[in-house]
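Residues per chain are reported as follows:
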Amino acid sequence: MNATAVNQSDCPEVKVPVPIFFTIGIVSLAENLLVVVAVIRNRNLHAPMYCFICSLAAFNTIASLTKTCETLMIVFADVGQLVKTGPSEQKLDDVMDSLLCMSFVGSIFSFLAIAVDRYITIFHALRYHNIMTMRRTGAILGVIWTTCGVSALLMARIHARKIAALPNSNGANSRHQRWRGNSMRGALTLTILFGAFVVCWTPFFIHLIIIMVCPMNPYCECYRSLFQLHVVLLISHAFIDPAIYAFRIAELRRTFRKMLLCSDWRRYS
């Protein structure tokens, strides 16, 4: 099969209307900011698990903001207000790639932190408060965010070089029982959150792999033609997570209600 035949594909690119990107991005951004503010404002949520959930919501906020800004750049470029190949635009695109990589890696690390927290809660319940202190929680979060920041820069640079090298690339007992029940519920919530993460991020991640390993194959090109759908699914993850928090975690649900109804915070903090 010659080069011309390899580049051909019978799969047209699937286009998603720009308003859909904006709607999902803005709503998910607002939802995750609501989670972050709720954890910060409500003292009842000042516990390791909620701090890790807050971290996950912050990474989702970064992903939502990044994709919304990228959509704005595409709109401005289409109407001639931006030059897609301009040096400043390329640098801004690299920054957004770094932030998206940071969000992806940070979400994984946040899930791992929540998983470890739930493991200690279930299997070392009597020692939990001695093991998972707020000081250790802060140290873990510091390591996560520092590691994600460094790895994002490295991942973005490597990815940018590979993309640039490709042709036509786009860029008590009762108390103990309640404690154990809450711990198991928290573990189930973690499972649901991780499942949503895998479903929403996997197609986009496969897309990145395909770009690097088979850029000239028409079958790969058919998968790449669904890129905008993969992006919609990716930013939908930031939209889905807060809904899971509200459905599964009663304290967060009550806090959301008080915030949205503008209740007196002094009674609840």
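Residues numbered from 1 in each chain as written. Predicted model: local features only at pLDDT ≥ 70, side-chain atom pairs only at ≥ 80, totals over all residues. Heavy atoms only, no water.

**Q** Could you give an account of the overall build of the protein chain, with specific residues and numbers?
**A** Helices and strands together make up the secondary structure of the protein chain, namely 10 helices and 0 strands. Secondary structure of the protein chain in N-to-C order comes out as α-α-α-α-α-α-α-α-α-α. A burial count over the protein chain gives 44% of its 269 residues as buried. When the accessible surface of the protein chain is summed, it comes to about 15100 Å², and 66% of that surface belongs to carbon and sulfur atoms. (Helix = DSSP H or I, 4+ residues; strand = E, 2+ residues; numbered from the N terminus. Buried < 20%, exposed > 50% of the residue type's maximum accessible area, 1.4 Å probe, protein only. Areas by Shrake-Rupley, 256 points an atom, 1.4 Å probe, with all protein chains shown as cover.)

**Q** So what's going on with the nonpolar core? Which residues, and what values?
**A** Tyr50, Ile53, Trp201, Tyr245 and Leu252 are the most contacted members of the largest nonpolar core, which has 52 residues in total. Here this core gets 12 residues from one element, more than from any other, and that element is helix α3 (residues 48-78). Once residues lying within four places of it in the same chain are set aside, the contact partners of Trp201 are Leu100, Ser103, Phe104, Leu234 and His237. (Core = buried A, V, L, I, M, F, W, Y, C linked by side-chain atoms within 4.5 Å. Contact = heavy atoms within 4.5 Å.)

**Q** Which residues make up the environment of Tyr245, and what are the values?
**A** Mapped onto the elements of the fold, Tyr245 is located in helix α9 (residues 227-248). On the basis of relative accessibility, which here comes to 0%, the residue Tyr245 falls in the buried class. Those residues in contact with Tyr245 that lie beyond four places of it in its chain are Val35, Ile53, Leu56, Ala57, Leu193 and Leu252.

**Q** Explain the UniProt feature "transmembrane region" (unreviewed entry) in the protein chain to me, and be specific about the residues and the numbers.
**A** If you check UniProt for "transmembrane region" (unreviewed entry), the listed places come out as residues 20-40, 99-116, 136-156, 187-213 and 225-247 in our numbering. In this annotation, residues 99-116 is assigned 100% helix and 0% strand; the end-to-end C-alpha distance for the span is 25 Å. (UniProt positions renumbered as here; feature names shortened; annotations may be inferred.)

**Q** Tell me about the pattern of salt bridges, residues and numbers included.
**A** Using the criterion set out here, one finds 3 salt bridges in the structure. Lys67 is the partner of Glu70 in a salt bridge, and the nearest nitrogen-oxygen pair spans 2.2 Å. Within this pair, Glu70 and its partner Lys67 are both found in helix α3, separated by 3 residues, close to a single helical turn. Summarising the burial analysis for this pair, Glu70 and Lys67 share the class buried. Measuring nitrogen to oxygen at the nearest pair gives 2.6 Å for the salt bridge that ties Arg118 to Asp117. Its relative accessible area of 8% is what places Arg118 among the buried residues. By relative accessible area, which is 0% here, Asp117 ends up buried. (Salt bridge = Lys/Arg side-chain N within 4 Å of Asp/Glu carboxyl O.)

**Q** So what about the environment of Phe239? Which residues, and what values?
**A** For Phe239, the location among the structural elements is in helix α9. Residue class for Phe239 comes out partly exposed when judged on its relative accessible area of 35%.

**Q** So what's going on with the packing of helix α2 (residues 18-41) against α9? Which residues, and what values?
**A** Viewed as axis vectors pointing N to C, α2 and α9 meet at an angle of 30°, and their least axial separation amounts to 9 Å. Accordingly, the angle class assigned to the pair α2 and α9 is roughly parallel. You can see that α2 and α9 cross each other, and the crossing is left-handed. Of the residues in α9, those in contact with Phe21, Ile24, Gly25, Val27, Ser28, Glu31, Asn32 and Val35 of α2 are Gln228, Val231, Val232, Ile235, Ser236, Ala238, Phe239, Pro242 and Tyr245. Taken together, the residues that form the contact of α2 with α9 break down as 11 nonpolar, 5 polar and 1 charged. (Axes fitted to C-alpha atoms, helices over the stretch in contact; angles between N-to-C directions. Parallel < 35°, antiparallel > 145°, perpendicular 65-115°, else oblique. Left-handed = near helix turned anticlockwise from the far one by under 90°. Nonpolar A, V, L, I, M, F, W, Y, C, P; charged D, E, K, R; others polar.)

**Q** Can you break down helix α10 (residues 250-260) residue by residue, with the values?
**A** What α10 keeps buried is the set Glu251, Leu252, Thr255, Phe256, Lys258 and Met259. Considered in projection along α10, the buried side chains sweep an arc of 165° and stay on one side of the axis. On its buried side, α10 packs onto α2, α3 and α9. Note on α10: the residue one or two positions beyond its end, Cys262, has a positive phi of about 60°. (Arc of directions from axis to C-beta.)

**Q** Any chance you could break down a nonpolar patch on the surface for me, citing the residues and the numbers?
**A** Residues Phe205, Ile209, Met212 and Val213 make up a contiguous nonpolar surface patch of roughly 350 Å² in combined accessible area. Turning to its location among the elements, Ile209 is positioned in helix α7 (residues 173-213). (Patch = residues over 30% accessible without salt bridge, like charges linked within 9 Å, V, L, I, M, F, W, Y side chains within 5 Å.)

**Q** Break down the packing of aromatic side chains for me, with residues and values.
**A** Considering all chains together, one arrives at 11 aromatic pairs under this definition. Taking the centre distance of 6.3 Å and the plane angle of 25° together, the rings of Phe194 and Phe197 count as stacked. Residue Phe194 and its partner Phe197 are both found in helix α7; the two are separated by 3 residues, about one turn of the helix. Of the residues examined, Phe194 reaches a relative accessible area of 42% and is grouped as partly exposed. (Phe/Tyr/Trp six-rings, centres within 6.5 Å; stacked < 30°, edge-to-face > 60°.)

**Q** Could you give me a rundown of the packing of α2 against α3, with the residues and numbers involved?
**A** Running from amino to carboxyl end, α2 crosses α3 at an angle of 155°, the nearest separation of the two axes being 8 Å. By the angle class used here, α2 and α3 are roughly antiparallel. Where α2 crosses over α3, the two elements pack in a sense that is left-handed.

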